[in-house]
Amino acid sequence: MATQRLILFNKPYQVFCQFTDPAGRVTLADYIPIPDLYPAGRLDLDSEGLVVLTNAGWLQHLITHPRHKLPKTYWVQVEGTPSWQVLRQLAQGVQLRDGLTQPAQVRWIDPPPVWPRNPPIRERRYIPTTWIAVTITEGRNRQVRRMTAAVGHPTLRLIRQAIGPWHLGSLQPGEWLEVPCPHDQQDFLRLVERHKPG
């Protein structure tokens, strides 16, 4: 039986979050030389940050299953300066085409100490930008981008900082780190419980 492995990867901008791509785009295989790994959840082409990968199918399923509601935290650079009323609206729920979003944790943050994006974001001379931290427990397609757009503050840059107990840490774009893999479902649930926010 193969050794169960768990990898944390900082996905760069414009990297396709799979190991193969018929369109010939840059993929995970260009960075991670380990066979039989699968991402536990995806990150859009135009988003950056933490991707968790494993060769344990049971673990991949647990990480992505909505029943466990693993919190995912994003650092989000938005256009404009959202008011506290806007942040409260994001936290309480935003009406999207596919329904009302579940409650989230949202707060202003100082610009995080992150790498410059290549290419840089589009900035407009007279419109400021603001960084917020958004923690959600859902996994709708492009959810955070749609939420900020719905309240009038389009996302310019999105970096996933954490998934459940796993964090980006000091990983730079394209870097990966192997961390201890839970032994079984009970071990996974204990790990998640220990690292619950608050």
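Residues numbered from 1 in each chain as written. Predicted model: local features only at pLDDT ≥ 70, side-chain atom pairs only at ≥ 80, totals over all residues. Heavy atoms only, no water.

1. Topic: the pattern of salt bridges
Two side chains of opposite charge can pair, provided their charged atoms sit close to one another.
For step 1, the next point in the chain: Summed over all chains, the structure comprises 10 salt bridges.
For step 2, the next point in the chain: Salt-bridge contacts for Arg145 lead to Asp46; the nearest nitrogen and oxygen are separated by 3.7 Å. Of this pair, Arg145 sits in helix 3 (residues 143-150) while Asp46 sits in the loop between strand 2 (38-39) and strand 3 (48-54), and the two are 99 residues apart along the sequence.
For step 3, the next point in the chain: You can call Arg145 buried: its relative accessible area is 13%.
For step 4, the next point in the chain: In this structure, Arg146 engages Asp98 in a salt bridge whose closest nitrogen and oxygen atoms are separated by 3.0 Å. (Salt bridge = Lys/Arg side-chain N within 4 Å of Asp/Glu carboxyl O. Helix = DSSP H or I, 4+ residues; strand = E, 2+ residues; numbered from the N terminus. Buried < 20%, exposed > 50% of the residue type's maximum accessible area, 1.4 Å probe, protein only.)

2. Quick word on the environment of Pro119
For step 1, the next point in the chain: Position of Pro119 relative to the elements: it lies in the loop between strand 7 (105-109) and strand 8 (129-136).
For step 2, the next point in the chain: The class of Pro119 is partly exposed, set by a relative accessible area of 42%.
For step 3, the next point in the chain: Distance from Pro119 to Ala91, taken between C-alpha atoms, is 30 Å for residues 28 residues apart in sequence.

3. Considering the packing of aromatic side chains
For step 1, the next point in the chain: All told, the structure shown has one aromatic pair when counted by the stated rule.
For step 2, the next point in the chain: Aromatic pair Phe9 and Tyr31: ring centres 5.6 Å apart, planes at 45°, arrangement tilted. Of this pair, Phe9 sits in strand 1 (residues 6-11) while Tyr31 sits in the loop between strand 1 and strand 2, and the two are 22 residues apart along the sequence.
For step 3, the next point in the chain: What makes Tyr31 partly exposed here is its relative accessible area of 29%.
For step 4, the next point in the chain: The residue whose ring lies beneath Arg25 is Phe16, and the NZ or CZ to ring-centre distance is 4.2 Å.
For step 5, the next point in the chain: For Arg117, the ring lying beneath its charged end belongs to Tyr13, and the centroid distance is 3.9 Å. (Phe/Tyr/Trp six-rings, centres within 6.5 Å; stacked < 30°, edge-to-face > 60°. Lys NZ or Arg CZ within 6 Å of the ring centre and 35° of its normal.)

4. A short note on helix 4 (residues 185-194)
For step 1, the next point in the chain: What helix 4 keeps buried is the set Asp187, Phe188, Leu191 and Val192. Taken down its axis, helix 4 places every buried residue within 135° of arc, on the same side.
For step 2, the next point in the chain: On its buried face, helix 4 sits against helix 1 (57-64) and strand 10 (166-167).
For step 3, the next point in the chain: At the N-terminal end of helix 4, a side-chain oxygen is found 3.2 Å from the backbone nitrogen of Gln186, two or three residues along, and the residue is Asp184. (Arc of directions from axis to C-beta. Contact = heavy atoms within 4.5 Å. Polar contact = N/O pair within 3.5 Å; in protein donor to acceptor, adjacent residues only side chain to side chain.)

5. Section: the nonpolar core
As a rule of thumb, soluble globular proteins bury nonpolar side chains together.
For step 1, the next point in the chain: By size, the foremost hydrophobic cluster in this structure holds 28 residues, and its most contacted members are Leu53, Leu90, Val106 and Ile132.
For step 2, the next point in the chain: Those elements that place two or more of their residues in this core are strand 1, strand 3, strand 4 (72-79), helix 2 (84-92), strand 8 and helix 3.
For step 3, the next point in the chain: No other element matches the four residues that helix 2 contributes to this core.
For step 4, the next point in the chain: Apart from the residues lying within four places of it in its own chain, the contact partners of Leu53 are Arg5, Leu6, Ile7, Phe9, Phe19, Leu28, Ile32, Leu37, Tyr38, Pro39 and Ala40.
For step 5, the next point in the chain: Within the second largest apolar cluster, 25 residues are counted, among which are Leu62, Ile109, Leu191 and Val192. (Core = buried A, V, L, I, M, F, W, Y, C linked by side-chain atoms within 4.5 Å.)

6. A look at the side chain of His153
For step 1, the next point in the chain: When you line up the elements, His153 lands in the loop between helix 3 and strand 9 (155-163).
For step 2, the next point in the chain: Relative accessible area serves as the criterion here: at 12%, His153 is assigned to the buried category.
For step 3, the next point in the chain: For His153, the contacting residues outside a window of four places in its chain are Val78, Glu79, Gly80, Thr81, Pro82, Val86 and Thr148.

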